[in-house]
Amino acid sequence: MALLPYLDEKDASPEVLKALKSGRVVLNVQKMTANAQSIFLQRSRLSNALFTQIVIDPKLREIAILRTAKDCHSVYEWTQHVPAAKHVGVTNEQIAAIENWQSAGCFSEVERLVLQFTDEVNANVKASRATLEALKRHLSPGEIIELLVIIGHWRQTASILETTEVELEDFAGKVDILDGIQPRK
């Protein structure tokens, strides 16, 4: 049982209730973050933008999210994002290798750099200059900033999930949370 209650629909503002009901399914993480009704809509817009408006390859986004889930020991985040990662082309071999990516041969150079960058940011707040310089050979400044926002957003999400002990849904890991979401073309 979660350590804080999920927002009860009867206590939700009309705007928050509308947002919660707008998707295919309401995730427990959404019901938990909806407790902060004054910022819930803006946080939801950011999450949506990180799925639909980014320039960075969605595969790199999901690799960074999965690595952040591992770095933060967030089972919920990991479980929800495995189907999403597959949806954008992350292979089963890569998913299995995320935890020990350093010794895995299944990642491209840019994917390895994203994993290194993610680890450094999660461990030290700041990536090393060497990793940033190497990443600049593959990604634009905008894509690097997007990557930093992705890492920070899902690290924040992991903090919410782990601190409040949000429970996995029965369908967790079986439903692709990206199904039906159209990325920016």
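It should be emphasised that the depicted structure is a prediction, and the values quoted were computed from it without experimental measurement.

K.L.:
Tell me about unusual backbone geometry, residues and numbers included.
P.N.:
One non-glycine residue, Val125, lies in the positive phi region at around 75°. Position of Val125 among the secondary structure elements: in the loop between α7 (109-124) and α8 (129-136). Given the relative accessible area of 73%, Val125 is considered exposed. Although it is not a glycine, Glu165 adopts a positive phi angle of roughly 55°. Residue position: Glu165 is located in the segment after α9 (141-164).

K.L.:
If you had to explain a nonpolar patch on the surface to someone new, which residues and values would you point to?
P.N.:
Side chains of Leu46, Ile145, Leu148 and Val149 sit close together on the surface and give an oily, nonpolar patch of about 300 Å² of accessible area. When residues of the nonpolar patch are assigned to their parent elements, the largest contribution, three residues, is made by α9. Among the structural elements, Val149 can be located in helix α9.

K.L.:
Lay out α9 in plain terms, naming residues and giving numbers.
P.N.:
Its 24 residues place the ends of α9 35 Å apart at the C-alpha level, agreeing with the 34 Å of an ideal helix rising 1.5 Å per residue. Every buried residue of α9 is accounted for by Glu143, Ile144, Glu146, Leu147, Ile150, Ile151, His153, Trp154, Thr157, Ala158, Leu161 and Thr164.

K.L.:
I'd like a description of the environment of Val121, backed by residues and values.
P.N.:
Within the secondary structure, Val121 sits in helix α7. As a C-alpha pair, Val121 and Ala2 span 119 residues in sequence and 28 Å in three-dimensional space.

K.L.:
Tell me about the nonpolar core, residues and numbers included.
P.N.:
Counting 36 residues, the largest nonpolar core has Phe107, Phe117, Leu135, Leu139, Leu147 and Ile150 as the members making the most contacts within it. Elements with a contribution of two residues or more to this core: α3 (37-52), α4 (58-71), α5 (75-87), α6 (92-97), α7, α8 and α9. In contact with Leu147, other than residues within four places in its own chain, are Ile56, Ala64, Val114, Phe117, Leu135 and Leu139. Among the nonpolar cores identified, the runner-up in size contains seven residues, and Leu27, Met32, Leu161 and Val166 belong to it.

K.L.:
Run through the pattern of salt bridges, naming residues and quoting values.
P.N.:
With the rule as written, the count across this model stands at eight salt bridges. Each of Arg67, Asp71 and Asp119 takes part in a single network of salt bridges with overlapping partners.

K.L.:
With reference to specific residues and values, describe the packing of aromatic side chains.
P.N.:
Evaluation of the coordinates by the stated rule reveals one aromatic pair. The cationic tip of Lys31 hangs over the ring face of Tyr6; the distance from NZ or CZ to the ring centre is 5.5 Å. For the cation-ring pair, Lys70 lies above Trp78, with the distance from its terminal atom to the ring centre recorded as 4.5 Å.

K.L.:
Tell me about the side chain of Thr33, residues and numbers included.
P.N.:
By the secondary structure assignment, Thr33 is in helix α2 (residues 28-33). In this structure Thr33 comes out as buried when scored by relative accessible area, which is 12%. Apart from residues lying up to four places away in sequence, Thr33 is in contact with Phe40, Arg43 and Ile160.

So, how was this worked out
Sequence order as written defines the numbering, with residues in each chain counted from 1. Only residues with pLDDT of at least 70 are given local features in this predicted model, and only at 80 or more are side-chain atom pairs given and counted; all residues enter the totals for whole chains, interfaces and linings. For the side-chain quantities, the full set of heavy atoms in the structure was used; hydrogens and water were omitted. The helix and strand labels rest on DSSP assignments: H or I over at least four residues marks a helix, E over at least two residues marks a strand, and numbering proceeds from the N terminus. Accessible area is worked out with a 1.4 Å probe on protein chains only. A residue is then buried under 20% of its type maximum, exposed over 50%, and partly exposed in between. Patch building starts from residues that exceed 30% relative accessible area and form no salt bridge, then joins like charges within 9 Å and nonpolar side chains (Val, Leu, Ile, Met, Phe, Trp, Tyr) within 5 Å. The protein chains shown are the only cover counted for residues, whose accessible areas, like all others here, come from Shrake-Rupley with a 1.4 Å probe. What makes a salt bridge here is a side-chain nitrogen of Lys or Arg within 4 Å of a carboxyl oxygen of Asp or Glu, nothing more. A helix is expected to reach a length of 1.5 Å times the quantity of its residues less one. Side-chain atoms within 4.5 Å link the members of a nonpolar core, which is a set of buried Ala, Val, Leu, Ile, Met, Phe, Trp, Tyr and Cys residues. Residue contacts are defined here by distance: any two heavy atoms, one from each residue, within 4.5 Å place the two residues in contact. Only the six-membered ring of Trp is used, alongside the rings of Phe and Tyr, when aromatic pairs are assigned; centres must lie within 6.5 Å, and planes under 30 degrees apart are stacked while those over 60 apart are edge-to-face, with the rest tilted. Here, a charge over a ring means that NZ of Lys or CZ of Arg falls within 6 Å of the ring centre while also lying within 35 degrees of the ring normal.

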